[in-house]
Amino acid sequence: MPHFTVVPVKDQTQASYDSLEGINWVDYRDTGQDSFDQQDTVSSDGHGNHKEDSPFLSSPDSDGKRNDFYDRNLALFEEELDIRPKVSSLLSRLVSYTSITQGAKEHEEEESAETSRRKTPKSPNMGTLMGVYLPCLQNIFGVILFLRLTWIVGMAGIIQSLLIVIMCCSCTMLTAISMSAIATNGVVPAGGAYFMISRSLGPEFGGAVGLCFYLGTTFASAMYILGAIEIFLKYLVPQAAIFHSTDPLGNDSTLLNNMRVYGSICLSLMAVVVFVGVKYVNKLASLFLACVIISIVSIYAGAVKSMTHPPEFPICMLGNRTLVRDRFDVCAKTVVRGNVTEPSQLWDRFCLPGNLSTAQCDDYFIQNNVTEIQGIPGLGSGVIRDNMWSDYLQKGEILEKAGLQSVEAHSPVENFLNYVSADIATSFTLLVGIFFPSATGIMAGSNRSGDLRDAQKSIPVGTILAITTTSLVYLSSVVLFGSCIEGVVLRDKFGDAVHKNLVVGTLSWPSPWVIVIGSFFSTVGAGLQSLTGAPRLLQAIAKDNIIPFLRVFGHGKTNGEPTWALLLTGLIAELGILIASLDMVAPILSIFVYCTHRTLSFLGMSMCLALMFISSWYYAIVAMGIAGMIYKYIEYQGAEKEWGDGIRGLSLSAARYALLRLEAGPPHTKNWRPQLLVLLKLDEDLHVKYPRLLTFASQLKAGKGLTIVGSAIQGNFLDSYGEMQAAEQAIKNMMEIERVKGFCQVVVATKVREGVVHLIQSCGLGGMKHNTVVMGWPYGWRQSEDPRAWKTFINTVRCTTAAHLALMVPKNVSFYPSNHERFTDGNIDVWWIVHDGGMLMLLPFLLKQHKVWKKCKMRIFTVAQMDDNSIQMKKDLATFLYQLRIEAEVEVVEMHDSDISAYTYERTLMMEQRSQMLRQMRLSTTERQREAQLVKDRHSLVRMGSLYSDEEEEPVEVPPQKVQMTWTREKHEAEKRNRNNAPENFRELMSLKPDQSNVRRMHTAVKLNEVIVNRSHDARLVLLNMPGPPRNTDGDENYMEFLEVLTEGLERVLLVRGGGREVITIYS
């Protein structure tokens, strides 16, 4: 799925970050423009996007813009709306998005401001039928079906022919299934198969395989053109030949020269048609495909008719040898004219003309009889028994029919021209190479993916349906040809034994001309389809710039047609035309297509496998199967042994190599997955206090990716080293119980807050670092007079934001399901309020892969304001989810502006009064002394540091002690003044007026909570955008209150905060 990102509006403060490669940082600043160009919805492949330059995702001009983002119902998120937009704003920008059509700017090349304003040319929006199914049918049913399939059946026999068809069709079907898995994973832009291969296997494989596939498609166009010219010169208009041979043995070279001339002319005409526009090719495609269908139907009709009335195509045999039928008129040695026996034209071919003397005749001609047999015995004749087995021939070997009496005798070389002979040596592997191109037209639709309305839907459906259709036709055709046609006729490639008729045409009904004309237009149409797809494939490769010298071929006409690519394609196709032999071009095409289907292999492995199969192919298969089963058994069930084997050494080397490769840059959006750092709290006995955090991590990761479990111990490293080791072992034991596959790291720090920061900064190695932090909620923070619990929590939130890490806070984690529970129903509700990279979409999808959440349905709620079109938002959101391949129920909740209620005002007032009261209490002298004593006692004990939980430490009961104090007059007066000021402080507290900014935020929290509880009170899990902490640290305690209000009344809540980059993409 290609990566979509809203292109940032850059300012001077961002310029230093724009050169970062591979990091798709998100900047959703509102430019104030109503229109949004389609080009701007697509970013480059991670180059040049804005990186956040502030821990709080702010910009220098954010204060001036804040009023633009003011929304009473979203006041809780207003400090970050400049970079984390409302969902309605995001969807309105995505509404103009479409799969990048052929001729549009490259989908992974960032547009400059000038080029982005250009209007994108529109290409034909074709559906599954016209865009994929019909082109695939046309390519697959091209030249081989009509010109070579009967010959393949004759040489290989029905059994081996069926095996050839099954092998080739199975190979293409498996390729199509793999291609479908990629295509259905997201939008497929221009480039089709190349795009899917390169984005799945990387640029090295993609470039190599893409070029091989391009050359294969180009040579396919040459093969189809040569097939069309062969039909034209041999069966349609033989007299159109330009070159004629005076030497009977030079007919082959003369035919090749004629094919070169006519092939070049035909290629030029086709190139002109493609240059004019793909729409004309599509218009002609229907006509050509109609010819193909009519031709195939005529074959089936002729086969059925042959059961009762087989067509008359007699074959003249001399002994058991097949004669070329167009060299004589009567199949007899003599003819009677006016009661006079005269030598026939056949006699004149083997003897001196006009003389019935046998003294100067061919010995074989004299000693063997001339007979006629039926060329098309029919479906009920039983000829299938004779055609069941193979009959491979060497070059120049005469076609003979087994079962006819023949006397061997010497025959002069010049008389061999009277017999039908094999023009090339045949074998099973050769026939596979010749037939395979007929099964490779499956890419005809994917090559033009840029012209498809919905490529990710059309490519799989159209391609697999076309392969299924053609496979059934091929298999049934093999059986029909072997059941209806005489073996020597099947082995006659050019129909010399049946008056130069196309062999498959002799079976058709009502006339052989139906097949001749239909096959001609079929091959022409297939050539046009290949000539249309190949330049677009080369253009997509060139635009990726992975092969710099091909960059010029990425340009084209103003309407997007790849002009330069078409020119190069025509030149390469001309090389195939100059070869002029269909049987020589087809194996070249097969080689390139094999490269596409199988990519690369190791030379040594290829040699070993070749020797195995040459020795005994069936033993090789059995041995490979047994070895594979033993390997998998040991891998899954065998005992773990450390033998110092080479595989372990290779693993270390591979790990080092992979880590160095990861250093090149962060992963592409398609490969982004949450790599977790789980922050745990341990109690005084070094036991994990909240093991369900590990349970949640195991369900989210399912044993894949990176998971680091960390904790911080307060103290001195030298003194607490033993406790650190014990803590690591306790965490490892709990990880094993909860089935968390990952690593453990415990740090010792003087302050817990510093230890957490150290974990966030230093965990991981090289490119294997965490990108997401999971931490628990500080329960009971309201009841605790010690502020360290929630301050550590907020400090961690700020640190993750500064480090551009995603954050997940499971609230009420003790209610989360264990790994042994199963939800048989229920919903996972996502409340998508602001867009911060797509974490809210990705997390429920990953959770649903686990058996605990597998049967839960996903619901996505988003909020619409007064000025939003909620109906359009729902449509756009449904389209967005479809492109992401996420199945979810979509609902847009309308939140109209309303007055701030008295309850909200009162709740805000109570919050601020409580904060003020605690602040005054902490400032009192007595409290300071008590706190100092408490800290002193705590330092005297071996205590575990708390991360962020309210139960961080139970207050140590300090026994009442008598404090000896020396009183002076000044101290006495100061204490008296403090007592007198107490009532004034209380009255000031009662007369406190809440801050309007806090009122707005509380209003947002209350309103959102009402809506969420109303819709999701029975949900199995609620995922919710987590607002960012205030820029002013004085409001930290209020921030905690806002989060409490936002999540009240919900059993399981997962607060999610993105890391500032896109984590989902709609491209495959």
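Computed from a predicted model, the values in this text were never measured in an experiment.

Conventions we followed
- Residues numbered from 1 in each chain as written.
- Predicted model: local features only at pLDDT ≥ 70, side-chain atom pairs only at ≥ 80, totals over all residues.
- Heavy atoms only, no water.
- Helix = DSSP H or I, 4+ residues; strand = E, 2+ residues; numbered from the N terminus.
- Buried < 20%, exposed > 50% of the residue type's maximum accessible area, 1.4 Å probe, protein only.
- Contact = heavy atoms within 4.5 Å.
- Pairing = 2+ DSSP bridges.
- Disulfide = S-S within 2.5 Å.
- Patch = residues over 30% accessible without salt bridge, like charges linked within 9 Å, V, L, I, M, F, W, Y side chains within 5 Å.
- Areas by Shrake-Rupley, 256 points an atom, 1.4 Å probe, with all protein chains shown as cover.
- Salt bridge = Lys/Arg side-chain N within 4 Å of Asp/Glu carboxyl O.
- Core = buried A, V, L, I, M, F, W, Y, C linked by side-chain atoms within 4.5 Å.
- Axes fitted to C-alpha atoms, helices over the stretch in contact; angles between N-to-C directions.
- Parallel < 35°, antiparallel > 145°, perpendicular 65-115°, else oblique.
- Left-handed = near helix turned anticlockwise from the far one by under 90°.
- Nonpolar A, V, L, I, M, F, W, Y, C, P; charged D, E, K, R; others polar.
- UniProt positions renumbered as here; feature names shortened; annotations may be inferred.
- pLDDT = per-residue confidence, 0-100.
- Expected span 1.5 Å × (residues − 1).
- Arc of directions from axis to C-beta.
- Polar contact = N/O pair within 3.5 Å; in protein donor to acceptor, adjacent residues only side chain to side chain.
- Phe/Tyr/Trp six-rings, centres within 6.5 Å; stacked < 30°, edge-to-face > 60°.
- Lys NZ or Arg CZ within 6 Å of the ring centre and 35° of its normal.

Side note on the overall build of the protein chain
Part 1: Scanning the protein chain from terminus to terminus reveals 32 helices and 15 strands.
Part 2: Counting all 1068 residues of the protein chain, 53% fall into the buried class.
Part 3: A fraction of 82% describes how many contacts in the protein chain between residues 6 or more apart in sequence connect residues 24 or more apart.

Focus on the pairing of strand S7 (residues 707–714)
Part 1: For S7, a buried count of 7 out of 8 residues is recorded, marking the element as mostly surrounded by other parts of the structure.
Part 2: Taken together, the 4 bridges between strand S6 (residues 676–679) and S7 define a ladder with parallel strand orientation. Residue pairing in the sheet places Leu677 in a bridge with Ile708 of S7.
Part 3: Bridge count for S7 against strand S8 (residues 743–749) is 7 bridges, and the pairing is parallel. Counted as the bridge partner of Gly710 is Gln745 from S8.

What about the state of the cysteines?
Part 1: In the structure shown here, the tally under the stated rule is 2 disulfides.
Part 2: There is a disulfide in this structure between Cys316 and Cys331, and the S-S distance comes to 2.0 Å. Here Cys316 and Cys331 share a disulfide; its torsion about the S-S bond, 85 degrees, makes the bridge right-handed. Residue Cys316 is found in strand S1 (residues 314–318), and its partner Cys331 is found in the loop between strand S2 (321–322) and strand S3 (334–337); the two are separated by 15 residues along the sequence. The two residues Cys316 and Cys331 agree in class, both being buried.
Part 3: Once the bonded cysteines of the protein chain are numbered in order along the sequence, the disulfide links fall as 1-2, 3-4.

Re the side chain of Thr695
Part 1: Along the chain, the position of Thr695 falls in helix H22 (residues 692–701).
Part 2: Those residues in contact with Thr695 that lie beyond four places of it in its chain are Glu738, Pro817, Ser818 and Asn819.

Here we look at the pairing of S1
Part 1: Extensive coverage of S1 is indicated by the burial of 4 of its 5 residues.
Part 2: With 2 bridges joining them, S1 and S2 adopt antiparallel strand pairing. Pairing of Leu318 across the sheet is with Arg321, part of S2.
Part 3: Hairpin connection from S1 to S2: 2 residues lie between these consecutive antiparallel strands, with Gly319 at a positive phi of about 65 degrees.

Describing a nonpolar patch on the surface
Part 1: Taken together, Val272, Phe275, Val276 and Tyr280 make up a surface patch of nonpolar side chains, about 340 Å² in accessible area.
Part 2: When residues in the nonpolar patch are grouped by element, the largest group, 3 residues, is from helix H8 (residues 251–276).
Part 3: Note on placement: Phe275 falls in helix H8.
Part 4: In this structure Phe275 comes out as partly exposed when scored by relative accessible area, which is 37%.

Structural notes on the sheet that holds S1
Part 1: Strand order in the open sheet formed by 3 strands is S2-S1-S5, and the pairing between neighbours is antiparallel. Every interior strand has two partners, whereas the edge strands, S2 and strand S5 (370–374), have only one.

Here we look at the nonpolar core
Across soluble globular proteins, nonpolar side chains show a tendency to be buried alongside one another.
Part 1: Of all hydrophobic cores here, the largest spans 120 residues; its most connected members are Phe141, Ile164, Phe435, Tyr474, Phe481, Ile485 and Leu507.
Part 2: In terms of residue count, the dominant contributor to this core is helix H5 (residues 149–183) (15 residues).
Part 3: Of all hydrophobic cores here, the second largest spans 119 residues; its members include Met734, Leu843, Leu1023 and Leu1024.

Some remarks on the packing of helix H3 (residues 128–140) against helix H9 (residues 278–305)
A pair of packed helices is captured by two measures, namely the crossing angle of their axes and the spacing between those axes.
Part 1: At a minimum axis distance of 10 Å, the contact between H3 and H9 shows a crossing angle of 45 degrees. As the angle between them shows, H3 and H9 are arranged oblique. For the pair H3 and H9, the crossing hand works out as left-handed. Here H3 contributes Met130, Leu134, Leu137 and Gln138 to the contact with H9, which in turn contributes Asn282, Ala285, Ser286, Phe288 and Leu289.
Part 2: Among the residues making up the contact of H3 with H9, the classes are represented as 6 nonpolar, 3 polar and no charged.

Quick look at unusual backbone geometry
Peptide bonds are mostly trans, and most non-glycine residues show a negative phi.
Part 1: Across the junction of Trp509 and Pro510, the peptide omega takes the value 15 degrees, indicating a cis bond.
Part 2: Note on placement: Pro510 falls in the loop between helix H15 (503–507) and helix H16 (512–544).
Part 3: One non-glycine residue, Asn339, lies in positive phi territory at about 60 degrees.
Part 4: Backbone geometry at His499 places phi at a positive 60 degrees, although glycine is not the residue there.
Part 5: With respect to the helices and strands, the residue His499 is situated in the loop between helix H14 (487–490) and H15.
Part 6: Given a relative accessible area of 43%, His499 falls into the partly exposed group.

Observations regarding the UniProt feature "transmembrane region" (unreviewed entry) in the protein chain
Part 1: According to UniProt, the positions carrying the feature "transmembrane region" (unreviewed entry) are residues 205–226, 259–278, 285–303, 424–444, 464–490, 564–594 and 600–631.
Part 2: As a span, residues 285–303 carries 100% helix and 0% strand, and end to end its C-alpha atoms are 27 Å apart.

Things to note about the confidence of the model for the protein chain
Predicted coordinates in areas of low pLDDT are best not read in detail.
Part 1: Per-residue pLDDT for the protein chain averages 75, and the proportion of residues at 70 or more is 72%.
Part 2: Low pLDDT (under 50) marks residues 97–121, which in the prediction has 72 contacts with non-local residues, meaning those over four places away or in another chain.
Part 3: A low-confidence stretch, residues 938–967 (pLDDT under 50), is modelled with 67 contacts involving residues beyond four sequence positions or located in other chains.

Describing the packing of H5 against helix H12 (residues 428–435)
Part 1: At a minimum axis distance of 10 Å, the contact between H5 and H12 shows a crossing angle of 75 degrees. Classified by the interaxial angle, the pair formed by H5 and H12 is roughly perpendicular. Residues Leu149, Trp151, Ile152, Met155, Ala156, Gln160, Leu163, Ile164, Val165, Met167 and Cys168 of H5 touch H12, and the partners they reach there are Phe428, Leu431, Val432, Ile434 and Phe435.
Part 2: When grouped by side-chain class, the residues that make up the contact of H5 with H12 number 15 nonpolar, 1 polar and no charged.

A few points about helix H27 (residues 870–884)
Part 1: In this model, H27 (15 residues) spans 21 Å end to end at C-alpha, consistent with the 21 Å of a helix rising 1.5 Å per residue.
Part 2: Listed as buried for H27 are Ser870, Met873, Asp876, Leu877, Phe880, Leu881, Gln883 and Leu884. Buried positions in H27, seen along its axis, are confined to an arc of 155 degrees and lie on one side of it. Of the exposed residues in H27, the ones pointing more than 90 degrees away from its buried face are Ile871 and Lys875.
Part 3: Where H27 begins, the capping side chain belongs to Asn869, and its oxygen is found 3.3 Å from the backbone nitrogen of Ile871.
Part 4: One or two residues past the end of H27 sits Arg885, with phi positive at roughly 60 degrees.

A short note on the packing of aromatic side chains
Part 1: This structure, assessed with the given rule, holds 17 aromatic pairs.
Part 2: Residues Phe232 and Tyr262 carry aromatic rings whose centres are separated by 5.6 Å and whose planes lie at 55 degrees to one another, so their mutual orientation is tilted. Of the two residues, Phe232 is situated in helix H7 (residues 203–236) and Tyr262 in helix H8; the sequence distance between them amounts to 30 residues.
Part 3: Its relative accessible area of 19% is what places Tyr262 among the buried residues.
Part 4: Taken together, a centroid distance of 5.3 Å and an interplanar angle of 75 degrees make the contact between Trp777 and Phe793 edge-to-face. On the criterion of sequence distance, the pair formed by Trp777 in the loop between strand S9 (772–774) and helix H25 (788–802) and Phe793 in helix H25 is long-range, its members being 16 residues apart. Each member of the pair Trp777 and Phe793 is classed as buried.
Part 5: Chaining the aromatic ring pairs together yields one cluster made of Trp347, Phe350, Tyr364, Phe365, Phe416 and Tyr419.
Part 6: The ring of Phe365 carries the charged tip of Lys333 above its face, separated from the ring centre by 4.8 Å.

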